[in-house]
There are 2 protein chains.
Amino acid sequence: MIIIIFIIRPMSLRMTPQRHAVLTLINGSARHWDAEAISRALQKNDQRIGIATIYRTLSVLEEAGLIAAVVIGQRKHYERIDKPHHDHMVCEACGRIEEFFHQDIETLQHDIAKRHGFCIQGHSLVIFGLCRQCQ
Amino acid sequence: MIIIIFIIRPMSLRMTPQRHAVLTLINGSARHWDAEAISRALQKNDQRIGIATIYRTLSVLEEAGLIAAVVIGQRKHYERIDKPHHDHMVCEACGRIEEFFHQDIETLQHDIAKRHGFCIQGHSLVIFGLCRQCQ
DNA sequence: TGCTATTTGATAATGATTATCATTATCTTT
DNA sequence: AAAGATAATGATAATCATTATCAAATAGCA
């Protein structure tokens, strides 16, 4: 599955070493990344990529459907695209991001949106508080 | 109720004309405001307040519990504090923000957080899509 | 290999927000 | 009403995340 993601790319999207590095990093775990974190992590691997390129690359990869973006707090985060839909719990103390999925919540969201005559394109649900470790 | 909100202020918080203007504007309707919108609206009323003061005032009023803040998209919005808890549906086309409340969703959120050993401090639920008018 | 169009990196620019600082003003006491 | 202490303002500089610019580099195709 991961291999397929690497090989398939939209028409005219070039696979540069920089894009490959970002994609590999993001697909290497379930973690959520912001641009800064990606830059730092790649630098640690002796892969120095300009910050402007990081932002551009993330934007291009997202548009191409190769990675997923989610806004948590006031910042954009990125994660691998092959995860099923989920929402987030964010620890206010340590910043840890946990994922969750609850079918009933999904369903009720659709119900209430329909009741408002609203055509859903997506949703963002973030529960913030303290994780188990920080309590 | 509104009158009480105006009169009661935390110790050492001074009630300047600027703060009064912002508070009055926000409490004048159920609308959601960002800093820029507030600045523009007040200017229209010939109340010219520096943008730095708008930001400061919003921050102070929020901390004092006199207004409520909510992050929608990547920007902070402010609204009157006397509304019951609610979440938001945001139209991607026109920007309109509708409010909703669904007790079952609230309950299920508590359930799943508990299951994760997570101590909830709050949550943010934004459904984005197209409102009735924009479809 | 050559060519074309895309992409990069460094840096400037942008926009939302916050910090700074001299000046102003609120609020309490006298 | 005046004085005094301290909070608040406005204008502008600074900060930060992000985007735009542009010359140089490079991916990918013929």
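This text follows the structure it describes.
Residues numbered from 1 in each chain as written. Chains lettered and ligands numbered in written order. Predicted model: local features only at pLDDT ≥ 70, side-chain atom pairs only at ≥ 80, totals over all residues. Heavy atoms only, no water.

(A) How the structure looks around the sheet that holds strand S3 (residues 87-91) of chain B. In space, the six strands of this open sheet follow the order S4(A)-S3(A)-S5(A)-S5(B)-S3(B)-S4(B), with mixed pairing throughout. The open sheet has two edge strands with one neighbour each: strand S4 (97-100) of chain A together with strand S4 (97-100) of chain B. Going across the sheet, the axis of each strand differs from the next one's by a mean of 25°, ignoring polarity. Note that strand S3 (residues 87-91) of chain A and S4(A) share four bridges and pair antiparallel. Note on S4(A): the bridge partner recorded for Val90(A) is Ile97(A). Those strands touched by helix H5 (residues 103-115) of chain B are S3, S4 and strand S5 (119-130) of chain A together with S3, S4 and strand S5 (119-130) of chain B, and its axis lies near 130° from that of S5(B). (Pairing = 2+ DSSP bridges. Helix = DSSP H or I, 4+ residues; strand = E, 2+ residues; numbered from the N terminus. Axes fitted to C-alpha atoms, helices over the stretch in contact; angles between N-to-C directions. Contact = heavy atoms within 4.5 Å.)

(B) Spatial organisation of the packing of aromatic side chains. Scanning the entire structure with this criterion turns up zero aromatic pairs over all chains. Sitting above the plane of the Trp33(A) ring, Arg31(A) keeps its charged end 3.8 Å from the centroid. (Phe/Tyr/Trp six-rings, centres within 6.5 Å; stacked < 30°, edge-to-face > 60°. Lys NZ or Arg CZ within 6 Å of the ring centre and 35° of its normal.)

(C) Region of the structure containing the protein's contact with DNA strand C. Taken together, 21 residues form the shell around DNA strand C, and within it Arg19(A), Thr53(A), Arg56(A), Arg14(B) and Tyr55(B) come nearest. For DNA strand C, the backbone makes up 66% of the atoms found within 4 Å of the protein, where backbone means sugar plus phosphate. The separation between a phosphate oxygen of DNA strand C and a polar main-chain atom of Met15(B) is 2.9 Å. The biggest single contributor to the surface near DNA strand C is helix H4 (residues 51-63) of chain A, with four residues. Partitioned by chemical class, the residues of the surface near DNA strand C number seven nonpolar, six polar and eight charged. (Near = heavy atom within 4 Å. Polar contact = N/O pair within 3.5 Å; in protein donor to acceptor, adjacent residues only side chain to side chain. Nonpolar A, V, L, I, M, F, W, Y, C, P; charged D, E, K, R; others polar.)

(D) Looking closely at the state of the cysteines. Residues and elements named next belong to chain B. One pass over the full model with this rule turns up zero disulfides over all chains. We note that Cys94 lacks a disulfide partner, and the nearest cysteine sulfur, in Cys91, lies 3.6 Å from it. Between Cys131, a cysteine without a disulfide, and Cys134, which holds the nearest cysteine sulfur, the sulfur-to-sulfur distance is 3.6 Å. You can call Cys131 buried: its relative accessible area is 1%. (Disulfide = S-S within 2.5 Å. Buried < 20%, exposed > 50% of the residue type's maximum accessible area, 1.4 Å probe, protein only.)

(E) The environment of Lys83(A), seen in detail. Residue and element names in this part refer to chain A. On the secondary structure map, Lys83 appears in the loop between strand S2 (75-80) and S3. Of the residues examined, Lys83 reaches a relative accessible area of 17% and is grouped as buried. In this structure, the C-alpha to C-alpha distance between Lys83 and Leu66, residues 17 residues apart in sequence, is 12 Å. Looking at Lys83, its side chain comes within polar contact range of the main-chain oxygen of Ala30, at 2.4 Å. Looking at Lys83, its side chain comes within polar contact range of the side chain of Glu79, at 2.6 Å.

Everything listed here is a matter of coordinates, which is why it stays silent on function.
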